[in-house]
Amino acid sequence: MSDSYTVGDERENEQDGAAADRADGRNVSTPDPVDETTGETTPSIQHIADADTVIEAADLTVHYGDVEALKPVNVRLPAQEVTAIIGPSGCGKSTFLRCINRMNDMVDAARVGGELRFRGKNVYDEDVDPVALRRKIGMVFQKPNPFPKSIYDNVAYGLEIQGYDGDMDARVEEALRGAALWDEVKDQLDESGLDLSGGQQQRLCIARAIAPDPEVILMDEPASALDPVATAKVEDLIDELAEEYTVVIVTHNMQQAARISDKTAVFLTGGQLVEFGETNRIFENPENQRVEDYITGKFG
Amino acid sequence: MTRLPFGLGGTDDGRDGDGDGDGVRTDSLRTGSVRTDGGETPNPFANVGDDIARKQLLGRVFVGICGASTLVGIVALFVLLGDVLYEAWGWVTLDFLTYPPSRFIENYYPDGRGAGIYPALVGSILLIALTAVFTMFLGVGAAIYLEEYAPESRLKSFIEANIANLAGVPSIVYGLLGLAVFVRFVGLGESLLAGALTLTLLILPIVIVSAQEALRAVPDSQRHAAYGVGATDWEVVRDVVLPAALPGIMTGTILSLSRAIGETAPLIMIGAATSMFRAPIEDVSGIPVPDLFGPFAAMPMQIFDWARLPEGDFQHVAAAGIVVLLTILLLMNATAILIRNKYEK
Ligand SMILES: Nc1ncnc2c1ncn2[C@@H]1O[C@H](COP(=O)(O)OP(=O)(O)OP(=O)(O)O)[C@@H](O)[C@H]1O
Ligand SMILES: [Mg+2]
C-alpha cells in the first residue's frame, strides 16, 4: 500500500498533482494495489477486476443511530464508466453515494464502518481531509441547487475556493460547454443562476461540479425533478461525461439506468447490495431472484 | 385574421349568436338541461342542515371580536400619536435639535435663546451605534456558532433554552448587571461605553435568537452545494450561509436596536445622567470624536427629566422630545422593512 494514493497530501500541489495522478491512474495500467482483497468480495461482483478501479467499498456499513442503513457493501466501481445504482426507496442508495465523498459527515447521526477506498486509499482514514476528497469527487444533487449568484460565479465558485489562478473565463466556458449549456447562456453569464429553467439549473449544477475538473462525479437522481425533454438532455450529457469522468448515478428510473449506464448496482430493502455487474446482463439475466422480481416490477 | 374561402365548414363563420365562434348554440343546450318543467327550480341544498346558519353566525361573531381587538390597538396607538403630535406642534424646531437643554422654559420659545435635545440626541445615536457594533459581532457570532458548528447535544439545547429565557428578563435586571460589572468592576464609570455594553447584554438574546432563525432558514441544499465542490466549513459560512441570512439578521438586529433606543430603566440603573449640557463628543485636534469614557445623556431620560418639571409648558417640550425619539425609531424600522423587502422575493 506504499504507492497508494493519498488524498490528504493533494492539497499543497493541487493543479500539477491532479494532472500527474490522473495520467498515472487512467492511462497506465498499473496493477491494482488492493488486489489481495478480492477474495473477500461477494461472488457476483468478482468478474470486473479487469477495469481500472477508482472506488472500492470493503465491508462498508452505515448506521443512522441504531438503525442499519447499509449492510456490509463490497463493490468496485470502474474508471470512466457510468455506474447506475438502483433499488427501491429507502434501500440506502443515497446513503452509499454520500459515503463516497463523505457528505455523510454532515449527518450527525450517521456512523460509517468498513472502508471506502478512492484509488486504494480509505477516505475515512484519519489523514484524509474530506475537503480535499470533495475536490476530487464532484456531486450533483436531486434538486437543482444553484447559488443565488450569477451563472458565471456559480461555475467559477469551485475554482475560486480551490485557489485557481489561471484563465477563469476559459475554464468557465469549458465547463458550461461540457455541461451542454454554453450556447443557451453565453449571452447572459451575469444573470442569476436562479432565473434559468429547472433543466438548465441542473446542467448549471453539473457545470459547477465539473469546472474544478474532478475525477468522479456523483449524481443523486439528477433528473427526477425534470421534465422529459430536460431529462433527455441530462442523460445525453451523462453519456458524454463518461468519456472524461467516472460517473456514479443513483436513479429510480430503470429505463434510465439501462439507457445510460455501463454497470449497475442493485440495492434492495434493508440496505443490501444484492447484485452488481454489466448493465445489460443485470437487466437481461439477473442472477438473483429478488433482483429479477424488482427489475420486472414484481415488487418495489 | 384571414379566412379560407373554401375551408371545411366554411359556411360556419362562427356567427351562431353565442360569440364563442364554435358554431354551436351553446346557450340553448345549457338551459335546456336545467329547466325541466318550466316551473321554479327547486334548491337541492335546502334541507342539508339548519346548523350551518348557526355556525356561520358564530363565525361572524368571532371575526367581529377579532376585528374589534385589532381596532382597539390601532385606535389607542393613533390617539397616543395624535396627542403627542398635538402637544409637540410647533415645538420641534431646528433650534430644538441643535441646542442643549435649559431649566428655563423661555429658552425653548421660538424667540428665546434656544434650548433643546441636542446632547441627548447625539448621546442616543452614539449609544445605539456602539450597541449595534457590539451586538452584530457577539450576536451573529454566537448564532453562527450555535447553528453551524455546535454539535447537537444536551449542552447546546440547555444553552439555547437559557438564551430564550434571558430574552424575557426585565431590563432593570440588566441595568443592575451593567452597574456591577461594567460601571464598578471593570471601572468604566457612568460612561457611554458602559451604557452601550449594558444595552448590548439586554438585546443580545433577542439578536441571537433572530439570527439563528435567519441562519436556519438557509436551505441545507445550499450548504451541500458548497461542500460538494470542496468548500471548508468557514467558506460555506462566509460564501453561502451568511450572504443568504444577512437580510434576516439585519432585520432582527435593527428591530432589537429600536427597542434598545427607548430603554430607560437600565440607563437609570447604571447612573447615566438624566440631562446633560454637553454632547459626548470630544475635539481631538479639530476632529469630533465620540467620548466613549465620558458621561452621556440619552433621549428617554431627557424626556423623563422634562416631563417631571412642574412648569406646564415643559409638557410640550417633553412631547417634542418624544416626537424626535419616535422619528428615529420609525426611521430604523423603515430601514429594517426596506432591507427585508429588497431581499425577499
Ligand atoms: N439523516 C438520516 N437520519 C436517519 N435515518 C436516515 C437518514 N437518512 C436516511 N436515513 C434512513 O436510511 C435508510 C436509507 O436511506 P437513503 O436515503 O439512503 O435511501 P434511498 O435509497 O436513497 O431512498 P430514496 O430512493 O427514497 O431516495 C432509510 O431507511 C432512511 O430512513
Ligand atoms: Mg435517495
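Treat the numbers as computed from the prediction; the structure is a model and nothing was measured.

1. Digging into the overall build of chain A
Working step 1: On a plain count of helices and strands, chain A comes out with 11 helices and 10 strands.
Working step 2: For chain A, the residues scored as buried account for 56% of the 300 residues in total.
Working step 3: As presented, chain A carries roughly 12,700 Å² of accessible surface, and 45% of it is formed by carbon and sulfur atoms.

2. Regarding a negative patch on the surface
Residue and element names in this part refer to chain A.
Working step 1: Negative charge collects at one region of the surface, where Glu174, Asp236, Asp239, Glu240, Glu243, Glu244 and Asp262 lie side by side.
Working step 2: If one sorts the elements of the negative patch by residue count, helix α8 (residues 228–241) sits on top with three residues.
Working step 3: Mapping Glu174 onto the fold places it in helix α5 (residues 168–178).

3. A look at the site of ligand 1
All names here are of chain A.
Working step 1: Around ligand 1 there are 13 residues in total, and Ser89, Gly90, Lys93, Ser94 and Thr95 lie nearest to it.
Working step 2: In this structure, Glu221 approaches ligand 1 through a side-chain N or O atom, which is 3.4 Å from an oxygen atom.
Working step 3: Protein coverage of the free-state accessible area of ligand 1, which is 630 Å², stands at 62%.
Working step 4: Counting residues per element, the shell around ligand 1 draws most heavily on helix α2 (residues 93–100), at four residues.

4. Thoughts on the packing of helix α4 (residues 151–161) of chain A against helix α7 (residues 198–210) of chain A
Residue and element names in this part refer to chain A.
Working step 1: Where α4 meets α7, the closest approach of the two axes is 7 Å, and the angle between their N-to-C directions is 35 degrees. Handedness of the α4/α7 crossing: right-handed. Note on element contacts: α7 touches α4 through Leu204, Ala207 and Arg208, opposite Ile151, Asn154 and Val155.
Working step 2: Of the residues contributing to the contact of α4 with α7, the split by class is four nonpolar, one polar and one charged.

5. Here we look at the sheet that holds strand β7 (residues 216–220) of chain A
Residues and elements named next belong to chain A.
Working step 1: Ordered by their spatial adjacency, six strands build an open sheet running β6-β7-β8-β3-β9-β10, and the pairing between neighbours is mixed. Two strands bound the open sheet, and with one partner strand each, they are β6 (137–140) and β10 (272–278). Each strand axis lies, on average, 15 degrees off the axis of its neighbour in the sheet, ignoring direction.
Working step 2: Across four bridges, the pairing between strand β3 (residues 82–86) and strand β8 (residues 246–250) is parallel. The partner of Thr83 across the bridge, within β8, is Val248.
Working step 3: Taken strand by strand, α2 contacts β3, β6, β7, β8 and β9 (263–268), and its axis lies near 155 degrees from that of β7.

6. Considerations on the interface of chain B and chain A
Working step 1: If you look at the interface, chain B gives 15 residues, while chain A gives 21 residues.
Working step 2: Counting the surface lost from both chain B and chain A, the interface buries some 1,500 Å², and carbon and sulfur atoms represent 63% of this.
Working step 3: Seen at the junction of chain B and chain A, the total is zero salt bridges.
Working step 4: The interface formed by chain B and chain A includes five residue pairs in polar contact (both at pLDDT 80 or more).
Working step 5: Going through the elements one at a time, α8 (220–228) and α9 (233–260) of chain B are the ones with two or more residues in the side of chain B that touches chain A.

7. What to know about the confidence of the model for chain B
Residues and elements named next belong to chain B.
Working step 1: Across chain B, the average pLDDT comes to 85, with 88% of residues at or above 70.
Working step 2: Ranking the elements of chain B by mean pLDDT puts helix α1 (residues 26–34) last with 46 and α8 first with 95.
Working step 3: Counting interchain partners and residues more than four positions distant, the pLDDT-below-50 stretch residues 1–33 has 14 contacts.
Working step 4: Interface confidence for the predicted complex, expressed as ipTM, amounts to 0.80; the pTM equals 0.76.

8. Regarding the packing of aromatic side chains
Residues and elements named next belong to chain A.
Working step 1: Applying the stated rule across the entire model yields six aromatic pairs over all chains.
Working step 2: Judged by centre distance (5.5 Å) and plane angle (40 degrees), the rings of Phe96 and Phe267 are tilted. Linking Phe96 in helix α2 with Phe267 in strand β9, this pair joins segments that are 171 residues apart in sequence.
Working step 3: In this structure Phe96 comes out as buried when scored by relative accessible area, which is 2%.
Working step 4: Judged by its relative accessible area of 1%, Phe267 is buried.
Working step 5: Between the NZ or CZ atom of Lys149 and the centre of the ring of Phe147, over which it lies, the distance is 5.6 Å.
Working step 6: We note Arg171 situated over the ring of Tyr164; from NZ or CZ to the ring centre the distance is 4.7 Å.

9. Quick look at the layout of surface pockets
Working step 1: Estimates place the volume of the largest pocket at around 840 Å³.
Working step 2: Sorting the residues of the lining of the largest pocket by element identifies α9 and α12 (314–343) of chain B as the ones contributing at least two each.
Working step 3: Considering every element that reaches the lining of the largest pocket, the biggest residue donor is α9 of chain B, with 10 residues.
Working step 4: Classifying every residue of the lining of the largest pocket gives 16 nonpolar, five polar and six charged.
Working step 5: In this structure, the second largest pocket encloses a volume near 720 Å³.
Working step 6: Around the second largest pocket sit 22 residues that line it, and Met106 and Asp108 of chain A together with Glu147, Glu148 and Tyr227 of chain B are the ones nearest its centre.

10. Topic: the sheet that holds strand β2 (residues 67–78) of chain A
Within a sheet, each strand pairs with its neighbour through backbone hydrogen bonds, oriented either parallel or antiparallel.
Residue and element names in this part refer to chain A.
Working step 1: Pairing within the open sheet is antiparallel, and its four strands lie in the order β2-β1-β4-β5. This sheet does not close on itself; its edge strands, each paired only once, are β2 and β5 (121–122).
Working step 2: Judged from the eight bridges that link them, strand β1 (residues 53–64) and strand β4 (residues 110–118) form a sheet pairing that is antiparallel. By the bridge assignment for β4, Thr61 is matched with Gly113.

The rules we used
Numbering of residues begins from 1 in every chain and follows the order in which that chain's sequence is written. Chain letters start at A and ligand numbers start at 1, both assigned in the order the entries are written. Only residues with pLDDT of at least 70 get local features here, since the model is predicted, and only at 80 or more are side-chain atom pairs given and counted; chain-wide, interface and lining totals rely on the full set of residues. Calculated side-chain values reflect all of the structure's heavy atoms, with hydrogen atoms and water omitted. Helical segments are the DSSP runs of H or I of at least four residues, strand segments are the runs of E of at least two, and each set is numbered from the N terminus. Only protein chains enter the accessibility calculation, which uses a 1.4 Å probe; a residue is then buried when its area is under 20% of its type maximum, exposed when over 50%, and partly exposed in between. Exposure was quantified through the Shrake-Rupley algorithm and a 1.4 Å probe, taking into account, for residues, occlusion by the shown protein chains and nothing else. Patch definition: residues above 30% relative accessible area lacking any salt bridge, with like charges linked at up to 9 Å and the nonpolar side chains Val, Leu, Ile, Met, Phe, Trp and Tyr linked at up to 5 Å. Salt bridges, as used here, are contacts in which a Lys or Arg side-chain nitrogen is within 4 Å of a carboxyl oxygen on Asp or Glu. The charged-residue count follows a simple rule in which Lys and Arg add positive charge and Asp and Glu add negative charge, with His and chain termini not counted at all. A single reference atom marks each charge: NZ on Lys, CZ on Arg, CG on Asp, CD on Glu. Near is defined per residue: the residue qualifies when any heavy atom it owns lies within 4 Å of the molecule or strand. Each polar contact in these results corresponds to two N or O atoms within 3.5 Å; when the atoms are within protein, one needs to be able to donate a hydrogen and the other to accept it, and residues that are neighboring in sequence are counted only if both atoms are side-chain atoms. To get an axis, fit a line to the C-alpha atoms, keeping to the stretch in contact for a helix; angles then go from 0 to 180 degrees between the N-to-C directions. Crossings are assigned a handedness: left-handed for a near helix turned anticlockwise from the far helix by less than a right angle, right-handed for a clockwise turn. Here, two residues are considered to be in contact whenever any of their heavy atoms come within 4.5 Å of each other. Under the convention adopted here, Pro, Cys and the residues Ala, Val, Leu, Ile, Met, Phe, Trp and Tyr are nonpolar, Asp, Glu, Lys and Arg are charged, and Gly plus all remaining residues are polar. Two strands are said to pair when DSSP picks up at least two bridges between them. Throughout, buried area stands for the accessible area (probe radius 1.4 Å) lost by two parts on being put together, summed over both. Every residue is assigned a pLDDT by the predictor, reflecting its confidence on a scale from 0 to 100. Here is the rule: rings of Phe, Tyr and Trp (six-membered ring for Trp) pair when centre to centre is within 6.5 Å. Planes less than 30 degrees apart are stacked, more than 60 are edge-to-face, and the remainder are tilted. By definition, being over a ring means that NZ of Lys or CZ of Arg is both within 6 Å of the ring centre and within 35 degrees of the ring normal. Both site types are read off a 1 Å grid over the protein atoms alone. A 1.4 Å probe that fits but cannot get out defines a cavity, while an open set with protein on both sides within 12 Å along at least five of seven lines defines a pocket; lining residues have an atom within 4 Å of a point. Grid points are joined across faces, edges and corners, and a volume is the space filled by probe spheres set on the points.

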